[in-house]
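# Examining the three-dimensional arrangement
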Amino acid sequence: MLSFRARLTTIIISMVALSVIASGLLMLKTFKENHINVLEDTLEREMRLIAAQMEWISGSDELLIDFYTPHVQQLKELMETRVTLIKGDGTVIADSDYNPRDMDNHGHREEIIGAIENGIGKSTRSSDTLQQSMLYVAIPVTNTVSNENYVLRLAISLQEVEQSISSLTVVLVAGLIILFVVAALISYRIALGLTRPLEKITQVAKRIKNMDYRARVDVQKNDEIGELGHAINAMAESLQIQMTRIRQNENHLQSVLSNMINGIVMMDASGSILIMNERAEQILGISAAKLIGRHYREMKQQFELSQLIIEGFETKSHIHEEITFYYPEERLLELNIVPIYQGSSSDLGGVLLVLQDVSAIRRLERMRSEFVANVSHELKTPIAAVKGFAETLLGGAVKDEETTKAFLGIIYDESERLNRLIGDILELSKIESRRAPLILSPVDIKQFMTNTIAILEVSADQKQIEVNLYSPEELYMEGDEDRLRQIFVNLLSNAISYTPEGGKIFVNISLTEQEKVQITIKDTGIGIPEKDLPRIFERFYRVDKARSRGSGGTGLGLSIVKHLVEMHKGTITVESAVGEGTTFTLELPLMH
């Protein structure tokens, strides 16, 4: 297909060519007609002069032929035109170029008829006798002697006219060719001037179509094409602003969806999935790339979820349920199925599925309930003991001094135990609520651990337990010294409590490849059963409840330790075997 420029150039050149050809033909025709008209007028004037000077006789045709033939021949020599004298009946009685006796009757000739009827006759045709194009002009004349009507005819060859026209045609064609070439160049230039801005506008429009909204038309004129360029630029600028806003809104929406703690799945009216965020992928255990554009049944989730979605489409109402998912892991999910309508109409546009993993919330609620039960249980025992012994004393046992002293000692021990329990609960609450911020300072870990072991030296000596410390020299870390002492006093106290007499405790301090301080506390105690290891950091959890209470423990120590270690951005793990001992491993960062 020809380009617009080529078509426009062709149209302009064609119009110019038609105009030039038509003008040339009109000029040639006009030139020929004017030339012939001049010749006709000249011949008419000459014939009237000849008629006025003509010498007339009467007689037979032979006499007339002999008389007038020399005259017309003489006239030809003077005027260089063919002269013919014809009687009214068409008989030729004299001709300057041909023997009139051999010529046929001329009464039917156009110019003869015109002369007789109109006073002058004109005709242009090829001569049968001379075999060339001739111009014939005839007028009627009267033989004054015989009073007969004659026709005087002059004929001139048009060969010179045709030669002039041919020469003019050559000149005219050459001029027209030059004019055509010039017109073609000008046409191409005009077409180029008209189409080049259009091509630029087209290129800009294509770039805009390909989402390059920064493309602009370089407008140089204020004509119609310039107005089109301004309109394209205004459209591109408007699109750029709108697309920028759309992208910003998309980014905001994507950021919201990506960072939501709830899973979001949006489906259209046919059930095809339109939007699915990362949290929904994690909950459902399937990639969004595999589901976007597909029907929700292809999620291949459990039957309950599919039935709830179907119910949401059918009832067009908000559905709230909690169901247990078993894939990719067992979790309790809270589902909200919300119908979406198209604008203000009542036509259902789709369904929004909101998934929330409430397993942790329900577990926390259960832990809180267990915590309240445990606290109640732990408080009940000392309170019951205090109440019982107090009632006994009030019942009259106070009179027995030894019994009173023993009972008061038990009441004092139980109140001390109750005081420790409440203190640990308050401490744990303070740590968990972050109301006790760390006061960080450089700590010489070897010297710090030496001082901590010294605090428990009396307890260790009573059971003849040997505590061994292995630490590099001048190893410093950043931490809260009071909180760190709380951690290690608790761990060392447990190690001493659950290690038989004559046992050993090993404290090893080292620096890991990750630039962390690793501290291990290993004892040769009774150990912890494997089934209890995952739960020893829970509040009020005891491996041996009777022995724990006997040692004065509240069941909150290791829970406090774990929270304090996490406040220092560290980790604590435990390994143990029954009858072989227990090893606690802590990793704390050098700097916070």
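Residues numbered from 1 in each chain as written. Predicted model: local features only at pLDDT ≥ 70, side-chain atom pairs only at ≥ 80, totals over all residues. Heavy atoms only, no water.

## Focus on the packing of helix 12 (residues 481-497) against helix 14 (residues 557-567)
When two helices pack together, their arrangement is given by the angle between the helix axes and by the axis-to-axis distance. Two elements in contact, helix 12 and helix 14, have axes separated by 9 Å at closest approach and are oriented at 145 degrees. Classified by chirality, the crossing of helix 14 by helix 12 is left-handed. Facing helix 12, whose interface residues are Arg483, Gln486, Ile487, Asn490, Leu491 and Asn494, helix 14 presents Gly557, Leu558, Ile560, Val561, Leu564 and Val565. Here the residues of the contact of helix 12 with helix 14 are counted per class, giving seven nonpolar, four polar and one charged. (Axes fitted to C-alpha atoms, helices over the stretch in contact; angles between N-to-C directions. Helix = DSSP H or I, 4+ residues; strand = E, 2+ residues; numbered from the N terminus. Left-handed = near helix turned anticlockwise from the far one by under 90°. Contact = heavy atoms within 4.5 Å. Nonpolar A, V, L, I, M, F, W, Y, C, P; charged D, E, K, R; others polar.)

## A word on a negative patch on the surface
Taken together, the side chains of Glu304, Glu311, Glu314 and Glu321 present a region of like negative charge at the surface. By residue number, the principal contributor to the negative patch is helix 7 (residues 303-315), which donates three residues. (Patch = residues over 30% accessible without salt bridge, like charges linked within 9 Å, V, L, I, M, F, W, Y side chains within 5 Å. Areas by Shrake-Rupley, 256 points an atom, 1.4 Å probe, with all protein chains shown as cover. Salt bridge = Lys/Arg side-chain N within 4 Å of Asp/Glu carboxyl O. Lys, Arg positive; Asp, Glu negative; His and termini not counted. Charge placed at Lys NZ, Arg CZ, Asp CG, Glu CD.)

## Section: the side chain of Asn262
You can see Asn262 is positioned in the loop between helix 5 (224-259) and strand 6 (263-268). Look at Asn262 and you get buried, because its relative accessible area is 16%. Residues contacting Asn262, with those up to four places away along its chain left out, are Asn277, Arg279, Val354, Leu355 and Gln356. (Buried < 20%, exposed > 50% of the residue type's maximum accessible area, 1.4 Å probe, protein only.)

## Some details on the confidence of the model for the chain
Put simply, the chain has an average pLDDT of 81, and 88% of its residues get 70 or more. In this model residues 545-552 is a low-confidence stretch, pLDDT under 50, and it forms 13 contacts with partners more than four residues away in sequence or in other chains. (pLDDT = per-residue confidence, 0-100.)

## Here's the deal with the sheet that holds strand 4 (residues 133-143)
Reading across from one edge, 2-1-5-4-3 is the order of the five strands in this open sheet, with antiparallel pairing throughout. The open sheet has two edge strands with one neighbour each: strand 2 (92-95) and strand 3 (121-126). Each strand axis lies, on average, 25 degrees off the axis of its neighbour in the sheet, ignoring direction. Here strand 1 (residues 82-87) runs beside strand 2; their pairing, made up of three bridges, is antiparallel. Each residue of the ladder has a partner; that of Thr84, found in strand 2, is Asp95. Where helix 3 (residues 110-118) meets the sheet, its contacts fall on strand 1, strand 3, strand 4 and strand 5 (148-157), and the angle it forms with strand 3 comes to roughly 180 degrees. (Pairing = 2+ DSSP bridges.)

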